[in-house]
Structures are given as structure tokens and as C-alpha cells.
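Structural characterization, general
Next come the chains, spelled out residue by residue.
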Amino acid sequence: MPSTYVPARNIIFLSFALSFAETIKASAIFIGAHAQDYSGYPDCRPEFFKAFEKTAKTGTASGDKIKIIAPLLHKNKSQIIRLGQRLGVPFELTWSCYRGKKYPCGKCDSCYYRAKGFKEAGFLDPLLER
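For clarity, every value in this text was computed on a predicted model and none was experimentally measured.

For the rest of this paragraph, the subject is the overall build of the chain. Check the secondary structure of the chain and you find five helices and two strands. Secondary structure of the chain in N-to-C order comes out as α-β-α-α-β-α-α. Here the C-alpha coordinates of the chain stretch approximately 50 × 30 × 25 Å along the principal axes. Counting every position in the chain, which comprises 130 residues, the buried fraction comes to 32%.

Here it is in C-alpha cells:
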């Protein structure tokens, strides 16, 4: 298990999102999990999202009307970064580091994969340009 593993993180996020989605009568919940994560994080696997959707259908009054959508699930970091560039994502406002300092540590797994993704996508990470 990676050192950045947070037990049941996506279960918690999706549970809160499901409660809110049902309250506002939303038809979908979007989550940014992706393929690179599910090798080390059990709640980033495609089968987890299918199981959670089934739980939503059986555990809420209107859950059968709420879809769980993970559009990045089968993309790697560089594909996500390229997509973000095309969409104008302000990457300078995003954060991946688990060390919680003023600047990314550059050493944790999240920093490593982020830097690798930017490099493979052919872009400079604005958080490392400072």
C-alpha cells in the first residue's frame, strides 16, 4: 500500500456527494479518480465505482437515478494534464503533495507522479517553476 493511502477516502467523498446529490435531485456525481491510482488504492478501481453505484441504488430513496461518473479513470497523468491544458485548467491552483508545506516537497509519490505526468505531457509544472 502506498504511503499516501488514505483509508476509505473515496467512500467518504462519494457518500457525502451522494447525500448532497440526492438532496438537490442531481442525476450524476463526477469523481476524478484515474487508472494510475487504482493499482495502489482499492477505492480507485473500476469495480469499486460499480459497487458504489449499486450501493447508492439500494441505499438511497433516489439512488437509482444517480450515476457515478469517473471520466479520467482510464487515463494516465500525462493524458490528464494534456486534457487539462486543452480545457484551460489553472494548474498553478492545483496541489498533489502530501507533505503540506508552502511548496511541493518533490519527494512523495504524489509529487513524483505529478512531475512525471507533466514531463511526459511536455509541459512545465507551474508549481515547480517558482
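Past the structure itself, the notes keep going.
Our next topic: the environment of Lys 50. Note that Lys 50 resides in helix α3 (residues 46-59). Assessed through its relative accessible area of 62%, Lys 50 is described here as exposed. With 77 residues separating them in the primary sequence, Lys 50 and Leu 127 have C-alpha atoms 34 Å apart.

Attention now moves to the nonpolar core. Judged by nonpolar contacts, the single largest core of 16 residues is most densely connected at Leu 14, Leu 18, Ile 29, Ile 31, Phe 49, Phe 52 and Ile 68. Of all the secondary structure elements, the ones that give two or more residues to this core are α1 (9-23) and α3. Once residues lying within four places of it in the same chain are set aside, the contact partners of Phe 52 are Ile 11, Leu 14, Ser 15, Leu 18 and Ile 68.

The next subject is the packing of aromatic side chains. Under the definition given, this model contains five aromatic pairs. The interplanar angle of 70 degrees and the centroid separation of 5.1 Å between the aromatic rings of Phe 48 and Phe 49 together place this pair among those described as edge-to-face. Comparing Phe 48 with Phe 49 shows no difference in burial state: the two are buried. Stacked on the ring of Tyr 41, the Lys or Arg Arg 9 has its end atom at 5.9 Å from the ring centre.

One can find Asp 43 in the loop between α2 (35-38) and α3. We note that Asp 43 is buried and unpaired, the nearest opposite charge coming from Arg 9 at a distance of 5.8 Å. Not counting chain neighbours up to four residues away, the residues in contact with Asp 43 comprise Ala 8, Arg 9, Asn 10, Ile 11, Phe 48 and Phe 49.

Take the packing of α1 against α3 next. Across the interface, α1 lies against α3 with an axial gap of 12 Å and an inter-helix angle of 35 degrees. At the point where α1 passes α3, the crossing takes the right-handed sense. Within the contact between the two elements, α1 uses Asn 10, Ile 11, Leu 14, Ser 15 and Leu 18 and α3 uses Phe 48, Phe 49, Phe 52 and Ala 56.

Turning to the pattern of salt bridges, a few remarks are in order. Pairing between side chains of opposite charge can happen when the charged atoms of each approach one another. For the structure shown, the criterion picks out three salt bridges. Of the charged contacts in the structure, one is a salt bridge between Arg 114 and Asp 125, with a shortest N-O distance of 2.6 Å. Of this pair, Arg 114 sits in helix α5 (residues 109-121) while Asp 125 sits in the segment after α5, and the two are eleven residues apart along the sequence. This pair shows no difference in class: Arg 114 is buried, exactly as Asp 125 is.

The subject of this paragraph is α5. When the terminal C-alpha atoms of α5 are compared, their 18 Å separation across 13 residues agrees well with the 18 Å that a helix rising 1.5 Å per residue should span. All of the buried residues along α5 are Ser 110, Cys 111, Arg 114, Gly 117, Phe 118 and Ala 121. Projected down its long axis, α5 carries its buried residues within an arc of 130 degrees, all on one side. Of the surrounding elements, those touching the buried residues of α5 are α4 (77-87).

Reading the values: rules and limits
- Residues numbered from 1 in each chain as written.
- Predicted model: local features only at pLDDT ≥ 70, side-chain atom pairs only at ≥ 80, totals over all residues.
- Heavy atoms only, no water.
- Helix = DSSP H or I, 4+ residues; strand = E, 2+ residues; numbered from the N terminus.
- Buried < 20%, exposed > 50% of the residue type's maximum accessible area, 1.4 Å probe, protein only.
- Core = buried A, V, L, I, M, F, W, Y, C linked by side-chain atoms within 4.5 Å.
- Contact = heavy atoms within 4.5 Å.
- Phe/Tyr/Trp six-rings, centres within 6.5 Å; stacked < 30°, edge-to-face > 60°.
- Lys NZ or Arg CZ within 6 Å of the ring centre and 35° of its normal.
- Lys, Arg positive; Asp, Glu negative; His and termini not counted.
- Salt bridge = Lys/Arg side-chain N within 4 Å of Asp/Glu carboxyl O.
- Axes fitted to C-alpha atoms, helices over the stretch in contact; angles between N-to-C directions.
- Left-handed = near helix turned anticlockwise from the far one by under 90°.
- Expected span 1.5 Å × (residues − 1).
- Arc of directions from axis to C-beta.

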